[in-house]
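Here are the chains, one letter per residue:
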Amino acid sequence: QVQLVESGGGLVQAGGSLRLSCAASGRTFSSYAMGWFRQAPGKEREFVAAISWSGGSTYYADSVKGRFTISRDNAKNTVYLQMNSLKPEDTAVYYCAADPRITTAQAMGVIPPDYGMDYWGKGTLVTVSS
């Protein structure tokens, strides 16, 4: 069993930065690929970034590539999402996710929208003002 708790969201001006954190509990956290997803008002949830269990491989949505960086610290059971050059269209609730069936960062990035991810956090709101 894994529990995920996100933090670090808030209000920021366009061009600014935020760092999100996802604290995980559970013995097997370090063996999971981890991902960040987001859902903007009135839109479906979409993939943002993922990282392999070791941290050696990452995968990003085209919309955030070059601006966002995902990382993890398995000793602290935490995954991070550094978000730079934020845009108003980045406004969304950001969710951390994990699933023991997904073993690579790229696999998490290409799951179908109706895939039943095993573990989700409750989300943290990011608002980017213009």
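Above this text you will find the structure in question.
Note that the structure is predicted; figures quoted are calculated from it, not measured.

Q: Can you walk me through the overall build of the chain in this structure?
A: Check the secondary structure of the chain and you find 1 helix and 11 strands. Mapped from its N terminus to its C terminus, the chain presents α and β elements in the order β-β-β-β-β-β-β-β-β-α-β-β. Relative to its length of 130 residues, the chain is compact, with a C-alpha radius of gyration of 13 Å against a globular reference of 14 Å. Structurally, the chain occupies a C-alpha span of about 40 × 30 × 25 Å along its principal axes. For the chain, the proportion of its 130 residues judged to be buried stands at 43%. Of the contacts made within the chain by residues no fewer than 6 positions apart, 59% connect residues no fewer than 24 positions apart. Of the charged side chains in the chain, 12 are positive and 10 negative; the average position of the first set lies 6 Å away from that of the second.

Q: Please clarify how the side chain of Arg 38 should be interpreted in this entry.
A: Mapped onto the elements of the fold, Arg 38 is located in strand β4 (residues 34–39). Of the residues examined, Arg 38 reaches a relative accessible area of 6% and is grouped as buried. There is a polar contact of 2.9 Å between the side chain of Arg 38 and the side chain of Asp 90. Leave out the neighbours within four places in its chain, and Arg 38 touches Glu 44, Arg 45, Glu 46, Val 48, Ser 63, Val 64, Phe 68, Glu 89, Asp 90, Ala 92, Val 93 and Tyr 94.

Q: How should the layout of surface pockets be read in this particular structure?
A: Using a probe with the size of a water molecule, rolled over the atoms, empty space left in the structure can be pinpointed. Within this model, the largest pocket holds a volume of roughly 270 Å³. If you trace the largest pocket, you find it lined by Phe 37, Glu 44, Arg 45, Glu 46, Phe 47, Gly 109, Ile 111, Pro 112, Pro 113, Tyr 115, Met 117 and Trp 120. Taken together, the residues of the lining of the largest pocket sort by class into 8 nonpolar, 1 polar and 3 charged.

Q: Could you clarify how one ought to interpret the pattern of salt bridges in this entry?
A: Should their charged atoms come close, side chains of opposite charge can pair. Scanning the entire structure with this criterion turns up 6 salt bridges. Where Arg 101 meets Asp 99, a salt bridge forms, and the shortest distance between an N and an O atom there is 2.7 Å. Taking relative accessible area as the criterion, Arg 101 reaches 52% and is therefore assigned exposed. One network of salt bridges, in which partners are shared, links Arg 38, Glu 46, Arg 67 and Asp 90.

Q: I would appreciate a short explanation of unusual backbone geometry in the present structure.
A: Note: most residues except glycine have negative phi, and most peptide bonds are trans. A positive phi angle, close to 55°, is found at Asn 77, a residue other than glycine. For Asn 77, a relative accessible area of 23% gives the class partly exposed.

Q: Can you help me understand the nonpolar core in this one?
A: Soluble globular proteins tend to pack their nonpolar side chains together in the buried interior. Core analysis: the largest hydrophobic core is formed by 38 residues, its most contacted members being Leu 4, Met 34, Trp 36, Leu 81, Met 83 and Tyr 94. Only β3 (18–25), β4, β5 (46–51), β7 (68–73), β8 (78–83), β9 (92–98), α1 (105–109) and β11 (124–129) provide two or more residues apiece to this core.

Here is what the cut-offs are and how they apply
- Residues numbered from 1 in each chain as written.
- Predicted model: local features only at pLDDT ≥ 70, side-chain atom pairs only at ≥ 80, totals over all residues.
- Heavy atoms only, no water.
- Helix = DSSP H or I, 4+ residues; strand = E, 2+ residues; numbered from the N terminus.
- Rg over C-alpha atoms; globule rule 2.2 N^0.38 Å.
- Buried < 20%, exposed > 50% of the residue type's maximum accessible area, 1.4 Å probe, protein only.
- Contact = heavy atoms within 4.5 Å.
- Lys, Arg positive; Asp, Glu negative; His and termini not counted.
- Charge placed at Lys NZ, Arg CZ, Asp CG, Glu CD.
- Polar contact = N/O pair within 3.5 Å; in protein donor to acceptor, adjacent residues only side chain to side chain.
- 1 Å grid on protein atoms, 1.4 Å probe; cavity = no way out; pocket = protein on both sides within 12 Å on 5 of 7 lines; lining within 4 Å.
- Points joined across faces, edges and corners; volume = space filled by probe spheres on them.
- Nonpolar A, V, L, I, M, F, W, Y, C, P; charged D, E, K, R; others polar.
- Salt bridge = Lys/Arg side-chain N within 4 Å of Asp/Glu carboxyl O.
- Core = buried A, V, L, I, M, F, W, Y, C linked by side-chain atoms within 4.5 Å.

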